[in-house]
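# A look at the structure
Listed below are the residues making up each chain.
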Amino acid sequence: SSGINAEYGDSNFDASSNLDDEENIPLKVLILLTDEVFDMQNRNQWFRTRMVTFLRQIVKTTFGAKINLKIQEYVEWLTSPEYISEMLTLFKDTFWPNGVWADPGPVRQPHVLSLTKFMGHTKMQGMISDELKNIIGKDTVREGVDLVFRMFQAKELNRLLFYKMIESFIEVTFPDNKVKQTLTLLRNNINRRAIIKTHSVTN
């Protein structure tokens with residue numbers, strides 16, 4: 001929370017000072033996300049206070065009173081042996097049905113890709129509530145959504161996001177196996193090999 005307060009300044013959280021600690025975590029995450037997507041850094045304190053109030057209503061509506069408890073219950077369900085077993089079975093049946101490597105899916109035609117891209121972009125624009133558009137501004141919302149949409153079109157960023165999600169999932173699922181240290185060593189080893197390879201090609 002110290003990094004978040006340094007980012008926004010303590011006064012920017014005046015509107016949320018009466019919240020329980022349980023509510024502050026998802027609220028601050030929402031504030032950081034909103035700031036990153038819609039570039040809120042240059043807005044005045046009155047505007048930021050309105051945003052905090054609006055985001056607080058979203059948090060209350062979504063999670064209710066016991067936010068951290070609900071998040072903990074959801075994470076425990078995601079990391080339960082039953083759910084992990086179900087996901088592993090689904091993964092195996094998807095890629096190795098009946099013990100045989102699955103055939104590649106049909107190649108989508110360019111016009112299908114364009115239509116899917118257009119529909120996805122339109123869907124993202126429609127997900128933003130009118131209340132948020134009125135507070136931030138329609139142009140700012142449109143530009144922020146366009147930015148997020150373009151980022152999801154970058155294959156390298158999608159690959160990095162997928163790897164990060166897998167790493168986080170493994171760390172939570174196997175907390176006693178020093179997974180984080182192992183992944184850090186593996187990542188450093190890969191980076192070292194890439195540097196050596198690049199240096200060899202350059203020379």
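This section reports on the structure supplied with the text. (Residues numbered from 1 in each chain as written. Predicted model: local features only at pLDDT ≥ 70, side-chain atom pairs only at ≥ 80, totals over all residues. Heavy atoms only, no water.)

## Details of the overall build of the protein chain
Along the protein chain, the regular secondary structure elements total 10 helices and 0 strands. Listing every helix and strand of the protein chain by position from the N terminus yields α-α-α-α-α-α-α-α-α-α. Sequence separation of at least 24 residues holds for 63% of the intrachain contacts in the protein chain that already meet a minimum separation of 6. (Helix = DSSP H or I, 4+ residues; strand = E, 2+ residues; numbered from the N terminus. Contact = heavy atoms within 4.5 Å.)

## Section: the packing of aromatic side chains
In the structure shown here, the tally under the stated rule is 8 aromatic pairs. Put simply, the rings of Phe91, Phe95, Trp96 and Trp101 pair up and form one aromatic cluster. (Phe/Tyr/Trp six-rings, centres within 6.5 Å; stacked < 30°, edge-to-face > 60°.)

## Some thoughts on the packing of helix α6 (residues 110-127) against helix α8 (residues 138-151)
Here α6 crosses α8 at 135°, and the two axes come no closer than 10 Å. The pairing of α6 with α8 is recorded here as oblique in orientation. Along this stretch, α6 crosses α8, giving a crossing that reads as right-handed. On α8, the residues that touch Lys117, Gly120, His121, Met124 and Gln125 of α6 are Arg142, Val145, Asp146, Val148 and Phe149. In terms of residue class, the contact of α6 with α8 is made up of 4 nonpolar, 3 polar and 3 charged. (Axes fitted to C-alpha atoms, helices over the stretch in contact; angles between N-to-C directions. Parallel < 35°, antiparallel > 145°, perpendicular 65-115°, else oblique. Left-handed = near helix turned anticlockwise from the far one by under 90°. Nonpolar A, V, L, I, M, F, W, Y, C, P; charged D, E, K, R; others polar.)

## Looking at the pattern of salt bridges
Under the criterion given, the structure shown has 3 salt bridges. Its salt-bridge partner being Lys92, residue Asp93 comes within 3.2 Å of it at the nearest N-O pair. Among the residues examined, Lys92 registers a relative accessible area of 44% and is labelled partly exposed. (Salt bridge = Lys/Arg side-chain N within 4 Å of Asp/Glu carboxyl O. Buried < 20%, exposed > 50% of the residue type's maximum accessible area, 1.4 Å probe, protein only.)

## Points about the nonpolar core
Of all hydrophobic cores here, the largest spans 18 residues; its most connected members are Phe38, Met51, Leu132 and Ile136. Counting only elements with at least two residues in this core, the list comes to α2 (21-38), α3 (45-63), α7 (130-136) and α8. Those residues in contact with Met51 that lie beyond four places of it in its chain are Thr34, Leu132, Ile135 and Ile136. (Core = buried A, V, L, I, M, F, W, Y, C linked by side-chain atoms within 4.5 Å.)

## Let's talk about the environment of Glu131
Mapped onto the fold, Glu131 is located in helix α7. In this structure Glu131 comes out as partly exposed when scored by relative accessible area, which is 49%. Between the C-alpha atoms of Glu131 and Phe54, which are 77 residues apart in sequence, the distance is 8.5 Å.

## Points about a nonpolar patch on the surface
Taken together, the side chains of Leu147, Met151, Leu157, Leu160, Phe162, Tyr163 and Ile166 present a nonpolar region at the surface, about 670 Å² in accessible area. Secondary structure elements with two or more residues in the nonpolar patch: α8 and α9 (155-173). Considering every element that reaches the nonpolar patch, the biggest residue donor is α9, with 5 residues. When you line up the elements, Phe162 lands in helix α9. Here Phe162 falls in the partly exposed class, since its relative accessible area comes to 49%. (Patch = residues over 30% accessible without salt bridge, like charges linked within 9 Å, V, L, I, M, F, W, Y side chains within 5 Å. Areas by Shrake-Rupley, 256 points an atom, 1.4 Å probe, with all protein chains shown as cover.)

Geometry only, nothing functional implied.
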